[in-house]
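# Observations on chain architecture
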Amino acid sequence: MAQTKHADLKVQTDDQLATALGELKREQFNLRFQAATGQLEKPGRVREVRRTIARIKTLQASRKPAAVQGA
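Now for a quick tour of the structure. Computed from a predicted structure; not experimentally measured.

Turning our eyes to something else, we now look at the side chain of Thr 52. In this structure, Thr 52 sits in helix H3 (residues 44-70). Looking at Thr 52, its side chain comes within polar contact range of the main-chain oxygen of Glu 48, at 2.8 Å.

With that settled, the discussion passes to helix H2 (residues 14-37). Between its first and last C-alpha atoms H2 spans 35 Å; for 24 residues at 1.5 Å apiece the expected length is 34 Å, and the two agree. Residues Leu 17, Ala 20, Leu 21, Leu 24 and Leu 31 constitute the buried set of H2. Positive backbone phi, approximately 80 degrees, marks Gly 38, located one or two places after H2.

Residues Leu 9, Leu 17, Ala 20, Leu 21, Leu 24, Leu 31, Val 49, Ile 53, Ile 56 and Leu 59 constitute the largest nonpolar core, which totals ten residues. Taken together, the elements giving at least two residues each to this core come down to H2 and H3. When residues in this core are grouped by element, the largest group, five residues, is from H2.

About the criteria used
Residues numbered from 1 in each chain as written. Predicted model: local features only at pLDDT ≥ 70, side-chain atom pairs only at ≥ 80, totals over all residues. Heavy atoms only, no water. Helix = DSSP H or I, 4+ residues; strand = E, 2+ residues; numbered from the N terminus. Polar contact = N/O pair within 3.5 Å; in protein donor to acceptor, adjacent residues only side chain to side chain. Expected span 1.5 Å × (residues − 1). Buried < 20%, exposed > 50% of the residue type's maximum accessible area, 1.4 Å probe, protein only. Core = buried A, V, L, I, M, F, W, Y, C linked by side-chain atoms within 4.5 Å.

Here's what the structure looks like:
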């Protein structure tokens, strides 16, 4: 998965964001193991995945109050 921009994430539905978050967390877990065993090929990917997870969580948090106010 290439670097995900904020605009790309913003157009995704809540379900799509949750799915992407799960995939990224799984990738982050695998990257941590690769780093621990010295098999990590792209160290910058760890940072990219971490930041994309933060972007998704920020979007989810900003959407949550909007959903509560609308109900």
